[in-house]
Amino acid sequence: MYIIIGGDQKEYGPIATDDVRKWIAEGRLNEQSMMKAESDAEWRPLSAFPEFADAFATKPPAPDAPPAFATSADWQERDYELDIGGCISRGWELVKNNFWPSVGITALVVVIIAAVNQLFGLFTRSAINSMIVQHQFSVGGIFIVLLVTVISAPVYTIFTAGLFKYYLRLIRGENATIGDAFSGFGPSLGQLVLLSLVQMVLILIGYALCLIPGIYLAVAWYFSIPLVIDKRMNFWEALKLSRKLVSKHWFIVFAFMIVYGLLAVSGIIACCIGIFVTMPIGFAALMYAYETIFSESGPQGR
């Protein structure tokens, strides 16, 4: 008898071996679905159970093929229930069980981002100081600020995508390494750059149109980054899918983003050092939310 974590991140079971095989055949479970036998203490991906290896052998995945749900109308119509508290608590458990690797790798990436930010600041500090402090606006100063913004946005997106990938591998019980945190520089690099530029321009236009459209797009498109790095989607399909599914429960996702922000602020208040713990929890919680919204359909009901 087995207990399974479904695509909605809820536990199901105990269920028998035949039922597991049936759910695999129906596409309700895949190799990354987390499961354990009743007598087990730890969760493992379904691929780690040799008794089910033959169930996947009959339909080997095409490694370069886009995921079926990326173009499936059935998938895009699936509903979900986002548990904000559950995502935060599971994020804490994940970080607690992988404390030093998750904190250390996240801190390394954050320090690199901060260093890059300071480097970009060398080019914009003078122009920004003239415009804000001295109220002296110039075409050259505005151009420099806009140019650096356009160049820096993809850099931040690439690093963020790598951290998302790292935490997704942890969540799925896979071997997550420091290399995953920099996987944004891999095959998805071009799509991440395009995603960042298009997303930034359209969100800025939204902010200019009475602010509210910009806020809506910023939330609706937030999960386009993990869709690109995780599912190898092109940037435009990722934007469309993220907006479509997030919009089903936009206000709940918006509330989740506020909680995520408060979590980061609480780390800063805790002598600033606390952010090196709250940030990993926040990233893990975001990826638990991503799994809830965008994972393949899991068993329905309890």
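Everything that follows concerns the structure shown earlier in this document.
What counts and how
Residues numbered from 1 in each chain as written. Predicted model: local features only at pLDDT ≥ 70, side-chain atom pairs only at ≥ 80, totals over all residues. Heavy atoms only, no water. Phe/Tyr/Trp six-rings, centres within 6.5 Å; stacked < 30°, edge-to-face > 60°. Helix = DSSP H or I, 4+ residues; strand = E, 2+ residues; numbered from the N terminus. Buried < 20%, exposed > 50% of the residue type's maximum accessible area, 1.4 Å probe, protein only. Salt bridge = Lys/Arg side-chain N within 4 Å of Asp/Glu carboxyl O. 1 Å grid on protein atoms, 1.4 Å probe; cavity = no way out; pocket = protein on both sides within 12 Å on 5 of 7 lines; lining within 4 Å. Points joined across faces, edges and corners; volume = space filled by probe spheres on them. Core = buried A, V, L, I, M, F, W, Y, C linked by side-chain atoms within 4.5 Å. Pairing = 2+ DSSP bridges. Contact = heavy atoms within 4.5 Å.

A. How the structure looks around the packing of aromatic side chains. Summed over all chains, the structure comprises 17 aromatic pairs. Centre to centre, the rings of Y2 and F49 are 5.9 Å apart; their planes meet at 85°, and the pair counts as edge-to-face. In this pair, Y2 sits in strand β1 (residues 2-5) while F49 sits in the loop between β4 (44-45) and α2 (53-57), placing the two residues 47 residues apart along the sequence. Judged by relative accessible area, F49 falls into the buried class, the value being 2%. Both rings, one in F223 and one in F294, keep their centres 5.7 Å apart while their planes meet at 55°; by these two values the pair is tilted. One end of the pair, F223, is in the loop between α8 (212-220) and α9 (224-231); the other, F294, is in helix α12 (residues 275-294), and 71 residues separate them in sequence. On the accessibility criterion, F223 (1% relative accessible area) is buried.

B. Spotlight on the pattern of salt bridges. For the structure on display, the rule yields 10 salt bridges. The salt bridge involving D230 is made with K165; its shortest N-O contact spans 3.8 Å. On the criterion of sequence distance, the pair formed by D230 in helix α9 and K165 in helix α6 (residues 139-171) is long-range, its members being 65 residues apart. With relative accessibility at 8%, the residue D230 sits in the buried group.

C. Examining the layout of surface pockets more closely. Volume-wise, the second largest pocket comes out at about 400 Å³. Forming the walls of the second largest pocket are 18 residues, and the residues nearest its centre are Q199, I203, A218, Y222 and I225. Put simply, the parts of the chain that give the lining of the second largest pocket at least two residues each are α6, α7 (189-208), α8 and α11 (250-269). For the lining of the second largest pocket, the element with the highest residue contribution is α7, accounting for 5 residues.

D. Structural context of the nonpolar core. Counting residues in hydrophobic clusters, the biggest one holds 58 residues, and the most contacted among them are Y167, F223, V253 and F294. In terms of residue count, α12 provides more of this core than any other element does, 13 residues in total.

E. View of the sheet that holds β4. Here we have 4 strands laid out as an open sheet, ordered β2-β1-β3-β4, and antiparallel in their pairing. Unpaired on one side and paired on the other, β2 (11-15) and β4 mark the two borders of the sheet. Bridge count for β1 against β2 is 3 bridges, and the pairing is antiparallel. From the neighbouring strand, I4 faces β2, where its bridge partner is Y12.

F. Focus on α9. Counting buried positions over the 8 residues of α9 gives 8, a clear majority of the element. Among all positions in α9, only S224, I225, P226, L227, V228, I229, D230 and K231 are buried. Buried residues along α9 sit against α6, α7, α10 (235-246) and α12. Trailing α9 by a residue or two, R232 shows a phi angle of about 60°, which is positive.

G. Representation of the environment of L263 in the model. Its location among the elements puts L263 in helix α11. Sequence separation of L263 and V277 is 14 residues, and the distance between their C-alpha atoms is 9.9 Å.

H. Spatial organisation of the pairing of strand β3 (residues 34-37). Alternating residues of β3 divide into M34 and K36 and M35 and A37, and every residue in both groups is buried. Two elements, β1 and β3, share 3 bridges in a ladder whose sense is antiparallel. Residue pairing in the sheet places Y2 in a bridge with A37 of β3. In this structure, β3 lies alongside β4, joined through 2 bridges in antiparallel fashion. Bridged to M35 within β4 is R44.

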